[in-house]
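Now for the letters of each chain:
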Amino acid sequence: MSDDVSNEVGISRNEVLKIAKLGRLRLTDAEVDALGKDLNAILGYVAKMGELDTTGVPTLEHAAEFGDTCRDDENRPSLPREEALASAPRTGDGCFAVPKIIE
Amino acid sequence: MEPYQWTIHEARRRLDNKDISSVELTRSVLARVKAVDGAVKAFNLVTDDRALADAADADRAIARGETGVLTGIPIALKDNMDTAGIETTCSSRILAGYKPPFDGTVPARLKAGGAVLVGKTNLDEFAMGSSTENSATGATRNPWNLERAPGGSSGGSAAAVAADMCLGSLGSDTGGSIRQPAALCGVVGLKPTYGRVSRYGLVAFASSLDQIGPFTKDVRDSALLLEAISGADPLDSTCSTRPVDDYAAALERGVKGLTIGVPREYFIKGTDPSVEKAVQASIRVLEGQGATLREISLPHTAYAVACYYLVATAEASSNLGRYDGVRYGLREEAGDLLEMYMATREAGFGTEVKRRIMLGTYALSAGYYDAYYRKAQQVRTLILRDFTKAFDAGVDLVVTPTSPTGAFRIGEKADDPLQMYLSDIFTISANLAGLPGISVPCGFDDNGCPVGLQLIGRAWDESTLLAAARAHEAQTSFHTRRPDL
Amino acid sequence: MEYEVVIGLEVHCQLSTRSKIFCGCSTTFGNPPNSQTCPICLGHPGVLPVLNRKVVESAVMMGLATHCAITSPNVFSRKHYFYPDLPKGYQISQYDKPICEHGRVEIVVDGVPKRIGLTRIHMEEDAGKNLHEGLGASSHVDLNRAGVPLLEAVSEPDLRSPDEAVAYLKKLRNIVLYLGICDGNMERGNFRCDANISLRPRGTTKLGTKVEMKNMNSFRFLKQALEYEIKRQGQVLDEGGKIIQETRQWDTKRGVTESMRVKEEAHDYRYMPEPDLAPVVVEKIWAESLRKAMPELPDEKRERFVSRYGLSEYDADVLTASRPLADYYEAAVTVFDGDPKATCNWVMGDLSARLNEAGTDIADCPMTPGQLGGLVKLIHSGEISGKIAKTVFADMYGTDKSAAGIVKEKGLVQVSDTGAIDAIIDQVIAANPGELEAYRGGKDKLFGFFVGQVMKASKGQANPGMVNERLKEKLKG
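Residues numbered from 1 in each chain as written. Chains lettered and ligands numbered in written order. Predicted model: local features only at pLDDT ≥ 70, side-chain atom pairs only at ≥ 80, totals over all residues. Heavy atoms only, no water.

J.: Requested: an account of the pairing of strand S3 (residues 116–121) of chain B, with residues and values cited.
T.: In regular strands, side chains alternate between the two faces of the sheet. Residue and element names in this part refer to chain B. The element S3 is largely enclosed, with a buried count of six among its six residues. Where strand S1 (residues 43–46) lies against S3, three bridges are found, and the strand directions are antiparallel. Bridged to Leu45 within S3 is Lys120. Looking at chain direction, strand S2 (residues 74–78) and S3 are connected through five bridges and run parallel. Within S3, the position partnered with Leu77 by the bridge is Lys120. Handedness of the crossover joining S2 and S3 through helix H4 (residues 105–112) is recorded here as right-handed. (Buried < 20%, exposed > 50% of the residue type's maximum accessible area, 1.4 Å probe, protein only. Helix = DSSP H or I, 4+ residues; strand = E, 2+ residues; numbered from the N terminus. Pairing = 2+ DSSP bridges. Right-handed = clockwise from strand over helix to strand, strands pointing away.)

Right, dumping it as C-alpha cells:
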C-alpha cells in the first residue's frame, strides 16, 4: 500500500528548509533543528493512521451541505479606493507597492 | 449581587423592567474589567467608548420598546472576528494594528441585535493552541488559578465570562477551542453543527472545521446567544439555510426517554481520576433524570488527533498564505520580493503557527498528499461513520469528559507540542464529524479547578443538546460557582 | 526526417459577467487601479467566496455546446503560490473534477472536416495585474482583475498543423460569441490561448517532448509562432538534439519564440479541495433548462442554412463564422425569401467588400438587412438588372433610402417592353451594317458585340434576357 503513511518517517534538514521556502518562512538555524524535531515527532504520531485500511473509503473534505449555493450575478459596492489601500504597508499611484518583481 | 455577575437572561429581565439601564450595566462590567483583567489578561482590547455608545443606543431602543434578546447586553468577542474599524489581531504580530474595513456576519448580527461590545479577547495566535499561551500579547490566566492556563484557543473569551468581565462571549472552535476552555474555566461553551453559524468574518484557521459559538454562565444563556447568531448567510455558502430551532423553548424538555451513549474509547487511563469521577457522577445525574445510558464504541477515536492535525494544518497553511505584507498587516521591507515574504512571515508568525504551516505545507506537497492529507480525509469519513452508526442505532447524545485534565500550569506543555495536541483528544472528533457539542461545568478536580462534561449531538439537533445540558444543570450547582478574584 | 506535428491548446476566456466570480465587484475594464475591489477579492482575513451562478451557467452552456459531460456536484480546488497579484496566496480553480469533460469540437480545414477532442473545461478566478514600467525599485499591484471569472478549455493533442490550431481557436471563439458568454476580445486578452507543441517522427505514436507557448492573443501570432516552433524543433531534432520541455513566448517584433526564464524550483502548487465553497449541484433540470435557453450554435446554423436556404456548405460556413453576419443574412432573407442564394452572394460579395474597405464590423453595417433584401427582390422580379443593381447598391449604402425608392427616383426601372427593345435593336443593327454582315457570314462571336451595343444604348436598363432573345431573332434577318 504505497499511498499509505510510511512507518519510516523522517524529514531531513534540507527538506525542512525546502518546506519552509514553499511556505515562505525564513527560519533560524535553531528553528530548523527544533521544527525538524517537532515535525518528525508529529509525523511519527500521525503514521498510526497507516494501521487503517482505507481502501475504497471516500474522503470527507466538505463538511458543508451540498446544493445550489450560488449567488446571483449582481454588483455590490466595492470599497472606495482609499479604503482598499488604507491597511497596506506601502502604496503608490493608487496601487499596492512591493519590491520590484523580476520577471 | 453586582450587575456584572448577572446572566444574560437575568440582565434582560432587569433591563426590560427598567431596574437598570444598559449604560449602568455596561459601566458595572467595564469597572469589573478594570479591576480584574490586569490579573487575568483576557482582553486584547477593551472597547470602552464603543461599549458605552452601544449601551446608550440600546437604552434608546429599550425606551422605544424595540427590544431584542441581546439589546443592551455586554458581550465580548474573540479577537479573530472581524469588527469594522476595530483592531482584529488574532493575537498575531502579523495583524498588529489591523482594522478590518468590514464587520463579520456574527459581529454584525450582534450589533444589529443591540448587543454592547465590551472588547476583543485573547486567543492562541490564529486559534492554534489549547492554552492561550501562544499569543503575541501574552498568556491569559485561568481565573480559578492564575498560575494555570484557561485552555484555548478561546481562553480569553472563556476567562472573561468566568471572571464576570462580560455577560457572555463568543469564541471559535476548530478542535475544541470553545469546549475545552469552557471546561477549564467552569462555564458553558457550545460548538454548533458545522454550517449552523456563518463563518464570514471569522479569520480562518481550518475552514472545514471552524465554527463560532457562545460562552455563557448557564445553559439558558447559551440557547439565547446561539439563536441570535445562527442561520443562513448569503456571504457564506457553507452556512446552512435550514431554519433555526427555538432553542430556548426546548430547554425544559428534559432527558426522559433519551438514550445517551457512553463511548468506551473516551473513558481510558490517562484521564485525571478526579476528572473522571466528576464526569461519572454527572452521567448518573442524567440517568437519574430519566435518560437511558448505553455503552457504545466509537472505534476510530484513537485516530482522531492524527487525522485532525493533518486536516487542520493543511487548511491552515493554505489560509495563512494571505499574510504576505502586501495589502495589510505587518511587512518587513527587503530588497526583493522573496526576501520580503520570508522576512515578513518570519517576524509576523509565532512558533506554533510556523510549526503548523510547516506540517500543513508538508502534508499537501508533491508526493505526500495521498499519504497524509488524502489519508486523513478518509479517516475523517470513518470517524463520522462511527457517530452515524451510533445515532442510527438510537443513541440521541454521546457523553464524554470535555478534557482529560483540569487546567494545567502555564508553560507545562509549551515545549511539547504533541502533548498539547493530545489535550484535545475528546473534543476533536465532533469537529471532524461536523457535530454540535457542548461543555457544561460538572465539578472540580483535585486542584480545585473546574471540570467539564461534554455532550455531542446529532447534526442540527442543538435543541436536544441544550435540553440535556439544562437537565443536568437543574440538578447541580457547579455553574453558579465563581472564582475568587 | 519527416515529422508529424502534435498541438494541443489551452484556451482562457474571460466571462462577460457583471460581477466577479466570488464577490459583487464590477468586472468593467479600464477603471482606475484598485477601484473595483472589496474585502473578498482583496483576500482580507475572514472573508469567504460565494460562487456567481452565471459562471456555472456559462460553463454548463459551453460544455453542452461542445458535447461535454457535465460534472455534479462541482467542487473547487486551491492552487497555491505566492505572488503579489494573487491576494489569498492561492487561486481558486478546479483541479481533478472540472465542470465539463470529454467533449469535442468540429473544425473544417481545406474542406476536410475533423473532430478535435476537448479534454476539459473548468472555472477559475483571474489574478490581478503587476505593473513594473518605470517604477524603479518597486512594482505596483492593481487588483481590479483579481477574481474576474475565467473558463479554461483544454483540448486533446489532436491538432496536426498550425491551420488546424487556428481553425480550432476560431471555432471556440465563435462558440463563446454565439453563446454570449465572452466578448472574444483578443487584444485585451479576454480570449487567449497557450499552445503545447511537439514533433514526432511520422509514423510513430510516442509523443515528443512538448514546448508550451504562453498567452497567444491573436490568430496570426498563433499561426506564426507554431510555424516557427515547427521549424525550430525540426532543426534541433535533425541535428540530433533534444527538445527541452520549457515555456516559450512569441516575440512579435523579431518573429521568433524565446525561452522564458526557467524558475529555479519546480512549482509545487499543493492543490487541495476548497473548503470555503459548498459543492454546487448542477441539477439535471438546471442543465436542461440551460440547453433549451441556448441560442442556435454555429454547426446547427450552418446545417440549417444548407437545408433551408439551399446554400453550399462553403457559403453556409462563411456566413455562420460570425453570429452577427449570420444574423444579418437571415434578417435580409426574411425581408425577401425568394432568392436566398442571391442574398448570400450580395452579403458575402459586395457588402463584405464594402465593409472590409471601410474597416466596419457587420454589427455596425450602415445598410440594413431590409435595404439589402429589397434590392435582391428588385433584381429577382426583373425590375432592375444585376448591373443596375450595383449602382443602386452604391447609392443606397450609407443612406436610409430603399432600393425601390432609388430606382424610382433615378428612373432606373428595367425596360422589358418588347416594342421599346425592338426599336433599340433596330437602331443598333442599322448603325452597324459591317458587323451585321460579318455575323450573318458566320462570325457568331459578334453576338456579344450587339448585346453590348443594345445595353449601352438603353443605358443598361434593357432587360438582358429579352435583349438576348430579341437580338437572336432580329439578327437572323
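What follows picks up the thread again.
J.: Give me the lowdown on unusual backbone geometry, citing residues and values where you can.
T.: A cis amide bond links Gly152(B) to the next residue, Ser153(B), at an omega of 10 degrees. Along the chain, Ser153(B) falls in the loop between S3 and helix H5 (155–162). Note the cis peptide between Ser72(C) and Pro73(C), where omega equals -5 degrees. Looking at the secondary structure, you find Pro73(C) in the loop between strand S2 (69–70) and strand S3 (77–80). At Thr132(B), a residue that is not glycine, the phi angle is positive and equals roughly 60 degrees. Residue position: Thr132(B) is located in the loop between S3 and H5.

J.: Give a description of the packing of helix H2 (residues 162–179) of chain C against helix H5 (residues 298–309) of chain C that names residues and reports values.
T.: Residues and elements named next belong to chain C. Closest axis-to-axis distance for the H2/H5 pair is 10 Å, and the angle between their directions is 90 degrees. The pairing of H2 with H5 is recorded here as roughly perpendicular in orientation. Where H2 approaches H5, its residues Lys171, Asn174, Ile175 and Tyr178 are matched on the opposing element by Pro298, Asp299 and Lys301. In terms of residue class, the contact of H2 with H5 is made up of three nonpolar, one polar and three charged. (Axes fitted to C-alpha atoms, helices over the stretch in contact; angles between N-to-C directions. Parallel < 35°, antiparallel > 145°, perpendicular 65-115°, else oblique. Contact = heavy atoms within 4.5 Å. Nonpolar A, V, L, I, M, F, W, Y, C, P; charged D, E, K, R; others polar.)

J.: Describe the interface of chain A and chain C, with residues and values.
T.: As a measure of interface size, the accessible area lost when the parts come together is often cited. At the interface, 38 residues of chain A touch 56 residues of chain C. Across the chain A to chain C interface the summed buried area is about 3,900 Å²; carbon plus sulfur atoms make up 53%. Summed over the three residues of chain A that lose the most area to chain C, namely Leu22(A), Arg71(A) and Asp73(A), the buried surface amounts to 19% of that side. Across the contact surface, chain A and chain C share one salt bridge. With a shortest N-O distance of 2.3 Å, Asp72(A) and Arg53(C) are connected by a salt bridge. At the surface where chain A touches chain C, the tally comes to 27 residue pairs in polar contact (both at pLDDT 80 or more). (Buried area = accessible area lost by both parts, 1.4 Å probe. Salt bridge = Lys/Arg side-chain N within 4 Å of Asp/Glu carboxyl O. Polar contact = N/O pair within 3.5 Å; in protein donor to acceptor, adjacent residues only side chain to side chain.)

J.: Let's hear about the domain arrangement of chain C: which residues, and what values?
T.: Examined at the domain level, chain C breaks down into domain 1 (3–286), domain 2 (296–410) and domain 3 (418–476). The C-alpha-based centres of domain 1 of chain C and domain 3 of chain C are spaced at 66 Å. (Domains from an automatic or database assignment.)

J.: Residue-level account of the side chain of Ser230(B), with values.
T.: Residue and element names in this part refer to chain B. Here Ser230 lies in the loop between helix H7 (219–229) and helix H8 (247–250). Residue Ser230 is classed as buried on the basis of its relative accessible area, which comes to 9%. In this structure, Ser230 is in contact with Arg109, Arg196, Val197, Val244 and Tyr247, ignoring residues within four places of it in sequence.

J.: I'd like a rundown of the sheet that holds S1(B), residues and numbers included.
T.: Residue and element names in this part refer to chain B. Overall, mixed pairing links the eleven strands, which are arranged S1-S3-S2-S4-S6-S5-S10-S11-S9-S7-S8 in an open sheet. Each of the sheet's edge strands pairs with one partner strand only, and the pair in question is S1 and strand S8 (292–296). Strand-to-strand twist across the sheet, computed as the mean angle between neighbouring axes with direction ignored, equals 30 degrees. Strands in contact with H4 are S2, strand S4 (168–173) and strand S6 (211–216); relative to S2, the strand with the most contacts, it is inclined by about 175 degrees.

J.: Break down helix H4 (residues 284–293) of chain C for me, with residues and values.
T.: An α-helix turns once every 3.6 residues. As a result, residues three or four positions apart point the same way. Residue and element names in this part refer to chain C. For H4, the full list of buried residues reads Trp286, Ala287 and Leu290. Buried residues of H4, viewed axially, fall in a sector of 95 degrees; they line one side. Facing away from the buried side of H4 by over 90 degrees, the exposed positions are Lys284, Ile285 and Lys292. The inward-facing, buried residues of H4 contact helix H1 (53–65). (Arc of directions from axis to C-beta.)

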